[in-house]
Amino acid sequence: MFGILVLAFIVLPLLELAVIIRVGSEIGVLNTLALLIAFSVVGVWLVKLAGLAIIRRIEASLAAGRMPSDELVDGGFVLASGVLLVAPGFITDAVGLALLLPPVRVLVRPLVTRRVRRRMLPPGRVIDVG
């Protein structure tokens, strides 16, 4: 856990700063700032659209009598995407935009659900979610 905190609060900001400086030296400071602002604005708009689509999918699952587990996980990804897109930086923007893409979420979802199950269930206990 400590390693994740170090990564999130020390290493990532330093990497973001290095990338911003590099991009700024290539395209100029004002263009770099405009690009970062544009990523945030467009990102928030895309997060809104994706969030509304997920809400519709949740409602459809509930109406069909199914538990919307995949949709809820996707909602978490979209929430994380929104946080990453609002944070200034090109690395977090790239990860945030990637999480908005449904094929990426389909690839990442099993990893997250497997990890959550492992942390939530005692050893040897299995729950059938099929």
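The rules we used
- Residues numbered from 1 in each chain as written.
- Predicted model: local features only at pLDDT ≥ 70, side-chain atom pairs only at ≥ 80, totals over all residues.
- Heavy atoms only, no water.
- 1 Å grid on protein atoms, 1.4 Å probe; cavity = no way out; pocket = protein on both sides within 12 Å on 5 of 7 lines; lining within 4 Å.
- Points joined across faces, edges and corners; volume = space filled by probe spheres on them.
- Helix = DSSP H or I, 4+ residues; strand = E, 2+ residues; numbered from the N terminus.
- Nonpolar A, V, L, I, M, F, W, Y, C, P; charged D, E, K, R; others polar.
- Patch = residues over 30% accessible without salt bridge, like charges linked within 9 Å, V, L, I, M, F, W, Y side chains within 5 Å.
- Areas by Shrake-Rupley, 256 points an atom, 1.4 Å probe, with all protein chains shown as cover.
- Salt bridge = Lys/Arg side-chain N within 4 Å of Asp/Glu carboxyl O.
- pLDDT = per-residue confidence, 0-100.

(A) A look at the layout of surface pockets. The volume enclosed by the second largest pocket comes to roughly 210 Å³. For the second largest pocket, the full set of lining residues is Phe 77, Val 108, Val 112 and Arg 115. When residues of the lining of the second largest pocket are assigned to their parent elements, the largest contribution, 3 residues, is made by helix α5 (residues 102-120). Of the residues in the lining of the second largest pocket, the class split is 3 nonpolar, no polar and 1 charged.

(B) A nonpolar patch on the surface, seen in detail. A surface patch of nonpolar side chains, about 680 Å² in accessible area, is lined by Leu 5, Leu 7, Phe 9, Ile 10, Val 11, Leu 14 and Leu 15. Locating Leu 7 in the fold gives a position in helix α1 (residues 2-27).

(C) The arrangement of the confidence of the model for the chain in detail. Per-chain confidence: the chain averages 91 in pLDDT, with 93% of residues scoring 70 or above. Least confident of the elements in the chain is α5, whose mean pLDDT is 90; most confident is helix α2 (residues 29-63), at 96.

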